[in-house]
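# A structural walkthrough
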Amino acid sequence: MGELTFSPLKDELEELVAFFIENTWEFHRDPYPSKYKIMQSFPKGWFQDERATFWMNKDGEKIGLIILDDITDSIPLFDRGLATKWRGKGYGTIAVNWIKDYIFNLPDKKIRIEAYTRYDNIPMRKTLAKSGFVKEGYLRDAWENDDGSLMDAIIYAATRSDWEQGIITPIKLNEEPF
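Residue positions are counted from 1 within each chain, in the order its sequence is given. Under the rules for a predicted model, residues below a pLDDT of 70 receive no local features and side-chain atom pairs below 80 are neither given nor counted, while totals for whole chains, interfaces and linings still include all residues. Excluding hydrogens and water, the side-chain values take into account all heavy atoms of the structure.

## Things to note about the environment of S34
With respect to the helices, strands and loops of the structure, S34 is situated in the loop between helix 1 (13–21) and helix 2 (35–41). When the C-alpha atoms of S34 and R160 are compared, they prove to be 37 Å apart, with 126 residues separating the residues in sequence. Only DSSP runs of H or I reaching four residues or more are called helices, and only runs of E reaching two or more are called strands; each is numbered from the N terminus.

## A few points about the environment of L16
Within the secondary structure, L16 is located in helix 1. Here's how the labels work: a residue is buried when its accessible area is under 20% of the maximum for its type, exposed when over 50%, partly exposed in between, all with a 1.4 Å probe on protein chains only. According to the relative accessible area criterion, L16 is buried, its value standing at 0%. A sequence separation of 49 residues divides L16 from L65, and the C-alpha atoms of the two residues are 8.9 Å apart.

## As for the packing of helix 3 (residues 91–104) against helix 4 (residues 122–130)
As a rule, the C-alpha atoms of each element are fitted with a line to give its axis, helices using only the stretch in contact, and angles between N-to-C directions run from 0 to 180 degrees. Two elements in contact, helix 3 and helix 4, have axes separated by 9 Å at closest approach and are oriented at 50°. Put simply, helix 3 runs oblique to helix 4. Crossing angle aside, the handedness with which helix 3 passes helix 4 is right-handed. Counting all contacts with helix 3, which are made through G92, T93 and V96, the residues of helix 4 involved are T127, L128 and K130. Ten residues, namely Ala, Val, Leu, Ile, Met, Phe, Trp, Tyr, Cys and Pro, are considered nonpolar, four, namely Asp, Glu, Lys and Arg, are considered charged, and the remaining ones, Gly among them, are considered polar. Broken down by class, the residue content of the contact of helix 3 with helix 4 amounts to two nonpolar, three polar and one charged. For this classification, under 35 degrees means roughly parallel, over 145 means roughly antiparallel, 65 to 115 means roughly perpendicular, and everything else is oblique. Throughout, a crossing is termed right-handed when the near helix is turned clockwise from the far one, and left-handed when it is turned anticlockwise from it by less than a right angle. In this analysis, two residues are considered to be in contact whenever any of their non-hydrogen atoms come within 4.5 Å of each other.

## Notes on the pattern of salt bridges
The term salt bridge refers to a side-chain nitrogen of Lys or Arg lying within 4 Å of a carboxyl oxygen of Asp or Glu. Overall, the coordinates contain eleven salt bridges when judged by the stated rule. In this structure, K62 engages E15 in a salt bridge whose closest nitrogen and oxygen atoms are separated by 3.2 Å. Within this pair, whereas K62 is found in strand 3 (residues 61–69), its partner E15 is found in helix 1, the two being separated by 47 residues in sequence. For E15, a relative accessible area of 40% gives the class partly exposed. Note that K58 and D59 form a salt bridge whose closest N and O atoms lie 2.8 Å from each other.

## Describing unusual backbone geometry
Phi is positive for D59, close to 50°, though the residue is something other than glycine. Here D59 is to be found in the loop between strand 2 (51–58) and strand 3. For D59, a relative accessible area of 71% translates into the label exposed. Even without being glycine, D70 reaches a positive phi, approximately 55°.

## What to know about helix 4
For helix 4, the full list of buried residues reads M124, R125, T127 and L128. Down the axis of helix 4, the buried side of the element spans an arc of 160°, and every buried residue falls inside it. Facing away from the buried side of helix 4 by more than 90 degrees, the exposed set consists of K126 and K130. A distance of 3.1 Å separates the backbone nitrogen of M124 from a side-chain oxygen at the start of helix 4, and that oxygen is part of N121. Of the residues flanking the end of helix 4, it is G132, one or two places downstream, whose phi is positive at about 85°. When we speak of the arc, we mean the arc of directions from the helix axis to the C-beta atoms. Any N or O atom pair separated by 3.5 Å or less is treated as a polar contact, with the protein-specific requirement of one donor-capable and one acceptor-capable atom, and with residues adjacent in sequence counted only for side-chain atom pairs.

If you want it as structure tokens, here you go:
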């Protein structure tokens, strides 16, 4: 499979634009972002303020992007995207495991990591489950697409205590009927 490396996004706007417009993003709010939209978002901090953004690299090629959102908060979120030709090969799971290690090794002791995904994003749901994230909730009409349509979303999370102990604690969502 080959080893992945991770490097911080710098001022690589042209590479970022190419990455987004040369791939499709079926399960994202905007499956076909324009060059203009990406270029507008970059200086406004979309890839910088309160975020840490990393390239996923394989053999010198940028194959994916990781965005850690609310990175200064005790409960950050993340998004991960792979270039179309690299999907379905296990690199997403490697990246999510790297995210857990990176975040939980930060000096400010993050409590948990959350990930939201559309209910129909089965590849991401499988990746999260393989990486030790627990499905914690189903959110109706919680995913707003750029075209104004709404979809259901699912929230997954990994906790520091599970990560430290190498376990997955089941949730008690259905313990009570209400």
